[in-house]
Structures are given as structure tokens and as C-alpha cells.
Amino acid sequence: MGYQLGDLVIHCRDGLSRIHSFKEIDGNQYFVIISNRSDSETIYVPVEKADAIIRPVMNQAEADELFEYMNSISFEFNANTKQRRDLFKKKLNSGDVKELSYLFRQNYLYKKHPDEVRLGPVDLDMLDYATNNFLDELALSYNVARENIREFVQLKFK
């Protein structure tokens, strides 16, 4: 993928980010990435491995397809804490938008069934992290102000 200076991208761990500059270190080329969440952290992404670490922000058509997928996801709860957290971590660390959308949808469904689910602080932190990263991207995809994206998403869910 040909990334340019100033491009908004999704970093697999840090979510919405911007390519701030390019840098050569020991003969290797790096993208210098600044996360939207923390402009004090500098992330160096090797240009040769960029496609495994960053991806373009999805467009509106891709987001529409993702909502079709999310609307097919049913409420799931694994009572085994270790298995549940391992699954959450795997999906969260993948950086894959479909995996993030799964976590986002489960978080949404958990909140609709608060008496049926017992989640610990670690679970909630992971789900909130996935949700915030996903909402940042949706706001860009649909050109909706970040503060209004939750209401917009409610209209997309069946």
C-alpha cells in the first residue's frame, strides 16, 4: 500500500493514527506514526512491514458491509474468564476491522443484557478500547462528528 505523509491510518494496536513523517534508521525506512489518542507517543513502523501493522481507514461502503456483518452477530458470553479474555485479546491485537467490530457488537449487546453478563474490569477495558477505536474509524468513514457517532451507530443496528 502506498502511504503518504499526513495519511490517516489504523494502527493495529493504537487505532486511529496519522503518518507524521518518514525516517531512516540504520539503513531501514520507517513511517513515523502519531496516535490520535496520544500525540506524545511516537510509533515507528517499518515501511517493509507496514501492511501488517497499519491499514487505511475503511470507506463508507466498507463500513456499510461491516454493519451487515455486525447485525448478524448474536449475543455470546463465555463464562470461562481465561478463554473469554484470550479471545478478546486475540481479536483486539489483530488490528482487523472485522474482529474489532465483533468486540464492538458484543460490548453493545452486553450493555443491553446487563443482568445476564458478569464482566471484570479487564474485560470492560478491552471492550471499551475496541469500542473507542472502532467509533473513531466509523466517524471518519461516515463523516460524522465523533461526539455524534454513537447515536448514528444506534440507527444502523437492527
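Above this note sits the structure.
The structure contained in this document is the topic of the report that follows. (Residues numbered from 1 in each chain as written. Predicted model: local features only at pLDDT ≥ 70, side-chain atom pairs only at ≥ 80, totals over all residues. Heavy atoms only, no water.)

### Notes on the environment of Tyr108
- Looking at where Tyr108 falls in the secondary structure, it is placed in helix α4 (residues 97–112).
- Sequence separation between Tyr108 and Thr131 is 23 residues, and the spatial gap between their C-alpha atoms is 8.9 Å.
- Setting aside residues no more than four positions away along its own chain, Tyr108 makes contact with Gln154 and Phe157.
- Separated by 3.5 Å, the side chains of Tyr108 and Gln154 make a polar contact. (Helix = DSSP H or I, 4+ residues; strand = E, 2+ residues; numbered from the N terminus. Contact = heavy atoms within 4.5 Å. Polar contact = N/O pair within 3.5 Å; in protein donor to acceptor, adjacent residues only side chain to side chain.)

### Quick notes on the sheet that holds strand β5 (residues 54–56)
- The five strands lie next to each other as β4-β3-β2-β1-β5, forming an open sheet whose pairing is antiparallel. Each edge of the open sheet is held by one strand with a lone partner, namely β4 (42–46) and β5. Here the average twist between neighbouring strands, direction ignored, is 50°. (Pairing = 2+ DSSP bridges. Axes fitted to C-alpha atoms, helices over the stretch in contact; angles between N-to-C directions.)

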